[in-house]
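A look at the structure
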Amino acid sequence: MSEEKYKKAARTIVKAGIFPFPINNTMMELLKLLIDEEQLNFIMAFTKKPSQTMEQLKKRSKMSKDEINTHVDKLAKKGFIFNQPNSKGIMVYRLMPLVMVGAFEYTFMKKIEFSKENEKIAILFAKLWDELADFIQDNYDMILPLFQRMLPFDRTVPFLDKNIEGEEIQITINKELEVPEEKVITTQNVEEIIQKFDEIAVGHCFCRHHQDLLSNPCKQTDIRENCFTFGKSAKYVAEQGFGRMISKQEALTILKASEKDGLVHKAWHPHSDISKAETSICNCCKCCCGIFDWWRKGTTAIINSTNFLSYIDKNMCIGCGTCMEKCPVDAIQGDDNNKAERTAEWCIGCGVCAHFCPENAISLLEGMRTVFVPPPRLRK
Ligand code: SF4
Ligand code: SF4
Ligand code: SF4
């Protein structure tokens, strides 16, 4: 009976997200560790509608306000319920998926100790990711159109600071790159994004924290506390103990340190609508970032909004290979003379290559576009 209930709750949780997870033994084991049995009926009240007010929830769950609040308190602490008021000040309760954005992110955003149980949770998430990769590869032709219909997950905000040789990264406006229907002028600089918000929270980078628990620490940076949330996302993060409120100054200091380590700034917008204010900024490394890693493993497409495209001046390139090694999406390869050559369709315009090029051979061309790189087909 309880097995059946967990399965039903699992279906409701999967439906709240964007990835087609199989409901399998790993998911059952994970949910049993994260969710108590008495919370399952409450979760199922979200089956038809993932976001509800208290009145709607009372009707659907047939529970009292006190009972609902007890469930909300417990599930919000685990990242399964987002509880913040909407723009009219009415409290809305949203069921969160396992990932993007939900229980996985919030579990590892807070500082968690190395313990047998936390290690087990980390291992089960990793196993579930591998099984999702298998599922997507097994059903590649059926699932590819799903990715093609998805909106961009994130938006790259490139390095616009001085590169290691001390010169500004050169930016050239390129009219040909401009996509006419995307006339939105987004903030192209992390400092300006930080200045927009009075409420800023920082939590641990969940991808690197997850890898730490798997004894596979990041190869690119020692920084862990550099995942930012803004506005009501920041309030939620701080209220539930996933992170802490910080000043603009502290946020800028952490962002600078992240740039120094060559981490890619990625901004997230509500419902992928880049005309709306950012909800968060990630600072991603090539090795641990879930999206880069899932893409390499054939689990997801890279779907990204960017205003930039790298340009390599081959006359200046000495073929040192740094940009090829650093590019998070492997968009740069060596040509026959071992000089750097970039694949435009793959470039997310992060500026990491330009930041690290010792010859200043790389600049950025400007023009809004969407990057879609399908998941690699890893099986014949
Ligand atoms: S997406 Fe990037 S910054 Fe965000 S948690 Fe993952 S690696 Fe860290
Ligand atoms: S980092 Fe610069 S010099 Fe080195 S291969 Fe890339 S473009 Fe050429
Ligand atoms: S080539 Fe790679 S490192 Fe350079 S801007 Fe594009 S995605 Fe970033």
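Look a little higher up for the structure.
Let us look at the structure shown here. Because the structure is a prediction, the values reported are computed rather than measured.

Right, let's get into the overall build of the chain. What the chain contains, in helices and strands, is 15 helices and 14 strands. Its C-alpha radius of gyration of 21 Å places the chain within 12% of the 21 Å reference for a compact globule of 380 residues. Principal axes of the C-alpha set define a box for the chain whose edges measure 70 × 50 × 45 Å. Per-residue burial for the chain yields a buried fraction of 53% across its 380 residues. Of the contacts made within the chain by residues no fewer than 6 positions apart, 73% connect residues no fewer than 24 positions apart. As displayed, the chain offers around 17,600 Å² of accessible surface, 52% of which is attributable to carbon and sulfur atoms. Treating the 51 positive side-chain charges of the chain as one cloud and the 51 negative ones as another, the clouds have centres 7 Å apart.

The subject of this paragraph is the sheet that holds strand β1 (residues 51-52). Within the open sheet, the 3 strands sit side by side as β1-β3-β2. Their pairing is antiparallel. The sheet terminates laterally at β1 and β2 (81-85), the two strands that pair on one side only. As paired strands, β1 and strand β3 (residues 91-95) are joined by 2 bridges and run antiparallel to one another. For Q52, the partnering residue across the bridge sits in β3 and is Y93.

A word on the site of ligand 2. Near ligand 2 you find C317, I318, G319, C320, G321, T322, C323, A340, C357, P358, E359 and I362, and these make up its full shell. Taken together, the residues of the shell around ligand 2 break down into 8 nonpolar, 3 polar and 1 charged.

Analysis parameters
Residues numbered from 1 in each chain as written. Chains lettered and ligands numbered in written order. Predicted model: local features only at pLDDT ≥ 70, side-chain atom pairs only at ≥ 80, totals over all residues. Heavy atoms only, no water. Helix = DSSP H or I, 4+ residues; strand = E, 2+ residues; numbered from the N terminus. Rg over C-alpha atoms; globule rule 2.2 N^0.38 Å. Buried < 20%, exposed > 50% of the residue type's maximum accessible area, 1.4 Å probe, protein only. Contact = heavy atoms within 4.5 Å. Areas by Shrake-Rupley, 256 points an atom, 1.4 Å probe, with all protein chains shown as cover. Lys, Arg positive; Asp, Glu negative; His and termini not counted. Charge placed at Lys NZ, Arg CZ, Asp CG, Glu CD. Pairing = 2+ DSSP bridges. Near = heavy atom within 4 Å. Nonpolar A, V, L, I, M, F, W, Y, C, P; charged D, E, K, R; others polar.

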